[in-house]
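Chain by chain, the residues:
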Amino acid sequence: MRFVLLPRQRFDTVGVAALIDGVEFDGLIADKAFDRNHIIADLNERGAKIVISQHPRRASGGHISVRRAVSS
């Protein structure tokens, strides 16, 4: 398990690449700031389980379907 608290800022996804590049993992738990297409696509390619709070713009009928896998 790895836990990293990124600094709060308007574009808080800037630290994601450095956080996950070169690291093997089976899943990611993150807040809605990580609900971005490029992050979801990368995690899906890795086959990682994704637990991310849905950003309000997706909850309001967004046009993009993303996989949300939660293990029991």
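Residues numbered from 1 in each chain as written. Predicted model: local features only at pLDDT ≥ 70, side-chain atom pairs only at ≥ 80, totals over all residues. Heavy atoms only, no water.

Caption draft 1: Molecular detail of the overall build of the protein. Each helix and strand counted, the protein has three helices and two strands in total. Counted from the first residue to the last, the protein has its helices and strands arranged as α-β-α-β-α. Residues counted as buried form 24% of the 72 residues belonging to the protein. Long-range pairs, those at least 24 residues apart, make up 12% of the contacts in the protein with a sequence separation of at least 6. Just so you have it, the protein exposes about 5,500 Å², and 53% of that area is on carbon and sulfur atoms. (Helix = DSSP H or I, 4+ residues; strand = E, 2+ residues; numbered from the N terminus. Buried < 20%, exposed > 50% of the residue type's maximum accessible area, 1.4 Å probe, protein only. Contact = heavy atoms within 4.5 Å. Areas by Shrake-Rupley, 256 points an atom, 1.4 Å probe, with all protein chains shown as cover.)

Caption draft 2: Structural context of the environment of glutamine 54. You can see glutamine 54 is positioned in the loop between strand 2 (49-52) and helix 3 (56-59). Residue classification places glutamine 54 among the partly exposed positions, given a relative accessible area of 43%. In sequence terms glutamine 54 and aspartate 35 are 19 residues apart; their C-alpha atoms lie 6.3 Å from each other.

Caption draft 3: Spatial organisation of helix 2 (residues 37-46). Looking at helix 2, one finds that the buried residues are Ile39, Ile40 and Leu43. An end-on view of helix 2 places all buried positions within 95 degrees of arc, on one side of the element. Facing away from the buried side of helix 2, by more than 90 degrees, are the exposed residues His38 and Glu45. Where the residues of helix 2 are buried, they touch helix 1 (16-20), strand 1 (27-30) and strand 2. (Arc of directions from axis to C-beta.)

Caption draft 4: Examining the pairing of strand 1 more closely. Burial of the side chains of strand 1 is restricted to one face: Leu28 and Ala30 are buried, whereas none of Gly27 and Ile29 on the reverse face is. Alignment of strand 1 against strand 2, held across four bridges, turns out to be parallel. Each bridged residue has a counterpart across the sheet, and for leucine 28 the counterpart in strand 2 is isoleucine 50. (Pairing = 2+ DSSP bridges.)

Caption draft 5: Highlighting the nonpolar core. Among the nonpolar cores identified, the biggest contains 13 residues, and Val16, Ala30, Phe34, Ile39, Leu43, Ile50 and Ile52 are the most heavily contacted of them. Contributing elements (two or more residues each) for this core: helix 1, strand 1, helix 2 and strand 2. Apart from residues lying up to four places away in sequence, phenylalanine 34 is in contact with Leu6, Thr13, Val16, Ile39, Ile40 and Ile52. (Core = buried A, V, L, I, M, F, W, Y, C linked by side-chain atoms within 4.5 Å.)

Caption draft 6: Highlighting the environment of phenylalanine 25. The topology assignment puts phenylalanine 25 in the loop between helix 1 and strand 1. Here the alpha-carbon distance between phenylalanine 25 and lysine 49, two residues 24 residues apart in the chain, equals 9.1 Å.

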